[in-house]
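As a plain string of letters, each chain reads:
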Amino acid sequence: MSERKLVGRAVPRREDPRLLSGRGRFVDDIALPGMLHAQFVRSTVAHAEIATVDLSAVREVPGIIAAFTADDLALGDIVAQLGRPLTEFVPTAMPVLARDKVRYVGEPIAVVVARDAYAAEDGLEAAKVSYTTLPPVTSEEAALAPGAPLVHAEAAHNTLVDVSLFATDGIDEVFESAPCVVEVDTRTGRQNALPLETRGVVAHWDDREEQLVLQTCTQIPHQVRTVASRSLRLDERAVRVVVPDMGGGFGQKCVVGREEIAAAAAALRLRRPVKWIEDRKDALSASFLAREQHYRARAAFDAEGGILALDADVVCDMGAYSCYPFTAGIEPLMASAEMPGVYKVPAYRVRGRAVTTNKAPTGPYRGVSRPQYVMVVERLFERAARELGLDPVEIRRRNVITDFPYTGVNNITYDPGSYLESLNLCERLVREEGWYEKQAAAAAEGRHLGIGYSCFSERTGYGSAAFAQRKMQVVPGFDISEMRMDTSGAVTFTTGTMNHGQSHETTMAQIVADELGLAIAKVRMHQGDTDRITYGWGTFASRSITIGGSAVRLASAKLGDKLRAIAAARWGVAPEEVELSDGAARRRDAPDDLTYKGDVLTYEEDVLTYEEIADIAYLRAHLLPKDIEPGLSVTATFDVFTDGTFSNATHGCVVELHKGTGQVEILRYVCVEDCGVAINPQVVDGQCRGGIAQGIAGALFEQVTYDAQGEPSATGFMDYKVPTAHEIPDVLIHHLQTPSAFTETGAKGVGEGGTIGAPAAVLNAVNDALRPTGIELDHTPVTPETVHRALNLELSS
């Protein structure tokens, strides 16, 4: 019998043959009989009261079927809630279509439905909207200024969240007496998650099922169902959300958008299918954005480089509205709770605020505040190393957590990890490739090479307890998996997670196949259908393998128990005397080869194939003992009731700064990561490389800016610089594995780590290269203009 396990092996992705041969099915591939196309009349001003909306001319445009305003559809608002007092959190309603006021350029005001997409675009041009303009609030400083215009009347000082989660007693005295105190003031640019597939939906009414069906690309189908049913005032049973193949999400699609609900309302009203596909202009300027944050932070160190205290003020520009279900608290609460990270910080104080401005709303984006606060903490360590004359790696060695489990000053308990080991190995790999010698040689030639590191942890496996600590009214956490075996011995299982590029069809099947001793080709996953999946929270925060995979593994174990019980009953032995392998139940002393008596199934053999067991369970249930129910169907749930699991990594980056252009060229990138048990190392590599590419993009390239009137700068790829394969280096990845005790597979999750570590590593490398100039940079993205100025200052001096 085979002993070779699938978990831990680079099994080829099962999704690839379909997707790479063009046989995938995405939202825009869907065509239904009589289907109409929707587009949105959007605000052209950042802040104004709506005086009139005149769609009469729109309805006269050839091909236009209908045009609806907020008053026409009378939809319920989308409201995200935290269970916090008004002094800490101010809830705001996001109307599906703007009614009395617009709060950012691109806000949807009306939906136009036409026979084809071109006619719908023509109809937009005929819409007439008149405004009474108001002064826009376009920056954090403007939002918090005394007497600033209010984006929402109920949010005084334009503040949606203001929390001080931690304040260690005596922290001021620590700073006063510390031998070394360093400070940073950092800002990070506003970004777009930029999934390859933009948002979209096809909605239609199913008369037979009496259901409104939304086929949409979302990471959270059940939450879309909840919002759609409430906004449209339908029972949840009357709304079905189905997710086809999805071309990326990165967090942007794990919040509920307004356009999907409006398109569904139009389909319900017209009783015809309605499709909406977001164009790239709207995706860049009016979709959920992320990242724009400002940190003022300081840290105290002793004379040997040991950290004594960390103090931070965090302000996140969240745009015009709270996103559902996470609210505007998602970024300041994440930063406040987890900033100490991998370091033994004995005293901590933090204030986290979310301000509202006249910009597109902010949603989650891969990493959610962790790329920002890791960059802040890593810059503090770099500054302290310089002030104390210590090696930047050595000061980290003296401060990383080494004894586990470790409960931090932030009241989070970290499970065992390889923080010091990953740091030491990353530095060794960089040294063994000779980069320190190359740096010295380059300096002698007047060239600027820099080496930078970042150390971090990624909390994964957020269970219900972790999200409840944020006081979310909608508390994600658990996952449910249903599993059944059919009469052919094949297995179908469900997961409440939602694949959008993470290889769930492969990795989840590896778990099932190993647990049941089954060929992976006999395993099939179902996801993304609210009628088929009992309930699910979708995919975000690296929860798929940690939470979803654990539920799948438990369901596999339950099914295995039933297979053993049926076989044991046939043989008159205890279930413990039965093992599962190679698609069969075997008595532990059974021969390796299957034997049959002619073509007749006899059930008295020492080996029962799964087909034979299923034959009993379904077709000859009279042979089952009374205490075993017919069929082979089981359900399992999983949740994490601790603080979660913590992956960790160290990134090392080598850059060269080019004097003539200010270009930052990445010469080498090294990632040493520990995500516990790597279900599929090739998939882990892909997650790391993709995340690192997005982290580099934020460090050096991508940014959405706004002018004084709130007009966004980026409406296309001519304005929004996205790195290509030319700018992204090859990445050396080394895996460490510290299995988690809190998940069923030992896996910890790896989805966001690459993005978390890259900005700090790149920025530290740039500053190392700038060391001869005496200039340090603390803002991202680091542009060629900024570097060029810094190098020219050195030359002119």
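Residues numbered from 1 in each chain as written. Predicted model: local features only at pLDDT ≥ 70, side-chain atom pairs only at ≥ 80, totals over all residues. Heavy atoms only, no water.

(A) A look at the overall build of the protein chain. In terms of regular secondary structure, the protein chain is built from 20 helices and 31 strands. On C-alpha atoms alone, the protein chain measures out to a radius of gyration of 28 Å, which is about the 28 Å that the 2.2 N^0.38 rule sets for 797 residues. With respect to the principal axes defined by its C-alpha atoms, the protein chain has extents near 95 × 70 × 50 Å. Counting across all 797 residues of the protein chain, residues that qualify as buried make up 62%. Across the protein chain, the fraction of contacts at a sequence separation of at least 24, relative to all contacts at a separation of at least 6, is 79%. Roughly 29000 Å² of accessible area belongs to the protein chain as shown, and the carbon and sulfur atoms make up 51% of that amount. Positive and negative side-chain charges of the protein chain, numbering 79 and 108 respectively, have mean locations separated by a distance of 2 Å. (Helix = DSSP H or I, 4+ residues; strand = E, 2+ residues; numbered from the N terminus. Rg over C-alpha atoms; globule rule 2.2 N^0.38 Å. Buried < 20%, exposed > 50% of the residue type's maximum accessible area, 1.4 Å probe, protein only. Contact = heavy atoms within 4.5 Å. Areas by Shrake-Rupley, 256 points an atom, 1.4 Å probe, with all protein chains shown as cover. Lys, Arg positive; Asp, Glu negative; His and termini not counted. Charge placed at Lys NZ, Arg CZ, Asp CG, Glu CD.)

(B) Main features of the sheet that holds strand 16 (residues 307-317). With mixed pairing, the 6 strands of this open sheet are ordered in space as 9-17-16-15-10-31. Every interior strand has two partners, whereas the edge strands, strand 9 (159-167) and strand 31 (779-780), have only one. Bridging between strand 10 (residues 180-188) and strand 31 involves 2 bridges; their strand directions are parallel. When the bridges of strand 31 are listed, T188 appears paired with T780. Helix 10 (residues 370-388) rests against strand 10, strand 15 (293-301), strand 16 and strand 31 of the sheet, and its axis sits at about 145° to strand 10. (Pairing = 2+ DSSP bridges. Axes fitted to C-alpha atoms, helices over the stretch in contact; angles between N-to-C directions.)

(C) Structural detail: a negative patch on the surface. Together, D116, E121, D122 and E125 make up a negatively charged patch on the protein surface. For D122, the location among the structural elements is in helix 3 (residues 117-126). (Patch = residues over 30% accessible without salt bridge, like charges linked within 9 Å, V, L, I, M, F, W, Y side chains within 5 Å. Salt bridge = Lys/Arg side-chain N within 4 Å of Asp/Glu carboxyl O.)

(D) Summary view of the pattern of salt bridges. A full pass over the atoms with the stated rule returns 58 salt bridges. We note a salt bridge from D28 to K275, for which the minimum N-O separation is 3.2 Å. Residue D28 is located in the loop between helix 1 (16-20) and strand 1 (36-42), and its partner K275 is located in strand 14 (residues 274-277); the two are separated by 247 residues in the primary sequence. By relative accessible area, which is 48% here, D28 ends up partly exposed. We note a salt bridge from D77 to R99, for which the minimum N-O separation is 2.8 Å. Taken together, the residues span a long stretch of sequence, with D77 in the loop between helix 2 (70-73) and strand 4 (78-79) and R99 in the loop between strand 5 (93-94) and strand 6 (101-102) at a distance of 22 residues. Owing to a relative accessible area of 35%, R99 belongs among the partly exposed residues under this scheme.

Nothing here speaks to function; it is all geometry.
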